[in-house]
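Letter by letter, the chains look like this.
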Amino acid sequence: MAGLRARLAPLLAMLPEKALAFDIGILFSGFGLQLLTQIGWLILALRFLGPDGYGLFASLTAVTVSVAAFVGLGADQLLIRGVAAERDALPRWLGFSLLLILLTGLPLLLLLEAALPFLEIGRIGFLPLVAVLVADLLLGRVATLCAAVYVATGQAARQSSMTVMTGSARLLAIAIAGLLPGTLSMAAWTAWYAGASLAGAIACLGLVIRDHGWPRFVWIPGQLKDGAAFGAEAALQASVGDLDKPIVLEFAGATQAGLYAAAFRIIGISYLPIRALGYALYGRLFRLAAEDRRAAIAYGVKLLPVGAGIGFVAALGVLVGSGLLPFIFGGAYEELPALLRLICLLPAAFAIYIVGADVLSAIGRQTERLAMVGVSLAATFGLVWLALPIAGIEGAAIARLLVTIATAALVWALVLRRR
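The rules behind the values
- Residues numbered from 1 in each chain as written.
- Predicted model: local features only at pLDDT ≥ 70, side-chain atom pairs only at ≥ 80, totals over all residues.
- Heavy atoms only, no water.
- Core = buried A, V, L, I, M, F, W, Y, C linked by side-chain atoms within 4.5 Å.
- Buried < 20%, exposed > 50% of the residue type's maximum accessible area, 1.4 Å probe, protein only.
- Helix = DSSP H or I, 4+ residues; strand = E, 2+ residues; numbered from the N terminus.
- Contact = heavy atoms within 4.5 Å.
- Salt bridge = Lys/Arg side-chain N within 4 Å of Asp/Glu carboxyl O.
- Phe/Tyr/Trp six-rings, centres within 6.5 Å; stacked < 30°, edge-to-face > 60°.
- Lys NZ or Arg CZ within 6 Å of the ring centre and 35° of its normal.
- Axes fitted to C-alpha atoms, helices over the stretch in contact; angles between N-to-C directions.
- Parallel < 35°, antiparallel > 145°, perpendicular 65-115°, else oblique.
- Left-handed = near helix turned anticlockwise from the far one by under 90°.
- Nonpolar A, V, L, I, M, F, W, Y, C, P; charged D, E, K, R; others polar.

## So, the nonpolar core
Phase 1: Judged by nonpolar contacts, the single largest core of 128 residues is most densely connected at Tyr 54, Trp 189 and Leu 336.
Phase 2: Per-element accounting of this core gives the leading share, 18 residues, to helix α4 (residues 126-152).
Phase 3: Ignoring sequence-local partners within four residues, the contact set of Trp 189 consists of Trp 41, Leu 49, Phe 57, Arg 170, Ala 173, Ile 174 and Leu 184.

Okay, structure coming up:
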């Protein structure tokens, strides 16, 4: 028996890695489909809306994505943590999370509806603004919460289906809206956008209810402090990635904002394989950290080369393929390839960052991660603000790249400081 155990030990030691590889494979398949839907959506959006319309819409959604992180006060992260500790509590966490989304989303929606008309974004119009706010602050957060359910339960295939359904609904919406007779107006597009978001949210919630039962709408006390920290970190991270777009809109105009937003949207698409690794890793890190924080750190260090390798492959793809974009999007986007080449290393820097940041969250050092993201946001705003009048959108893009590289280095300094 001792000899048999000795022969089986190497095989058993490999099982977590094989399980992780299986989850990553499933998630890569789902994210591959999501990649296709996002590429399709971006092609149609850039063609049907043009640089001016896309710049306006992208600047608005940059604001809503950042604010939406506060909706639910980190309910998705709280659910993952709670269900990882007690699987049978999922219906309670689901109901509690839906309550948090409703109670926080409605006030934020009203606040933005009152404030945004005073900015350049406000020229989108009252009803289009309402449509986008409902889609992003409420319906989008429900879909995100449903994906978190499958992160918590380790169901990679179901998790992938959540991302594919929402992306497919929006791709179908812009395809139908753009192919209808006449020019696609912003009012018409935002109505289709809201309708697609509603369909996606209903489909995602329906799957969760089918698989795990109806939510129990109960209040779970003692969660708001941690939830606010999760929400603040997500909002700051989204702000780092998106809130520079309204600054470009205000100071460089809608057309330049459209080019700038298109470049970072394409870079964001290249992040999808990296996010697949992050989603597969996230729940496992929390489970390891619950037993031994040092094991979670060691696991993150072990997977760092994998994440960095995926990031560099994505960077190479951006560098090589950027020259084809004007043929795909149209002649109005001739400046796009040069802009993308300037920031082609962003996927690699992001991959290094996200592995380390998830380790920090898993080992209970969320406050440090939050402070680091706050510094990153301030640096992004400051450098983009300074770079725009001096070097235009090219200077702003380089500023974003430098901040991301510095943030990736900082997060690993924090992870390894007390190893």
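## Here we look at the pattern of salt bridges
Phase 1: Per the stated rule, a full pass over the model turns up four salt bridges.
Phase 2: The salt bridge partner of Asp 76 is Arg 141, with a shortest N-O separation of 3.8 Å. One end of the pair, Asp 76, is in helix α2 (residues 75-85); the other, Arg 141, is in helix α4, with 65 residues separating them in the sequence.
Phase 3: What makes Asp 76 buried here is its relative accessible area of 13%.
Phase 4: A relative accessible area of 14% places Arg 141 in the buried class.
Phase 5: A salt bridge links Asp 244 to Arg 400; the nearest nitrogen and oxygen atoms lie 2.7 Å apart. Within this pair, whereas Asp 244 is found in helix α8 (residues 244-252), its partner Arg 400 is found in helix α15 (residues 366-417), the two being separated by 156 residues in sequence.

## Re the packing of aromatic side chains
Phase 1: Considering all chains together, one arrives at 10 aromatic pairs under this definition.
Phase 2: Geometrically, the ring pair formed by Trp 93 and Phe 96 is edge-to-face, given 5.9 Å between the ring centres and 80° between the ring planes. You can see Trp 93 and its partner Phe 96 sitting in helix α3 (residues 90-115), three residues apart, about one turn around the helix.
Phase 3: A relative accessible area of 1% means that Phe 96 is categorised as buried.
Phase 4: Among the aromatic residues, ring-to-ring pairing joins Trp 41, Tyr 54, Phe 57, Trp 189 and Tyr 193 into one connected group.
Phase 5: The ring of Phe 264 carries Arg 400 above its face, with NZ or CZ at 4.2 Å from the centroid.

## Thoughts on the packing of α8 against helix α9 (residues 254-270)
Phase 1: Closest axis-to-axis distance for the α8/α9 pair is 7 Å, and the angle between their directions is 155°. Between α8 and α9, the crossing angle belongs to the class labelled roughly antiparallel. The two elements α8 and α9 cross, and the hand of that crossing is right-handed. Where α8 abuts α9, its residues Asp 244, Lys 245, Val 248, Leu 249 and Ala 252 lie against Ala 254, Gln 256, Ala 257, Tyr 260, Ala 261 and Phe 264.
Phase 2: Residue composition of the contact of α8 with α9, grouped by class: eight nonpolar, one polar and two charged.

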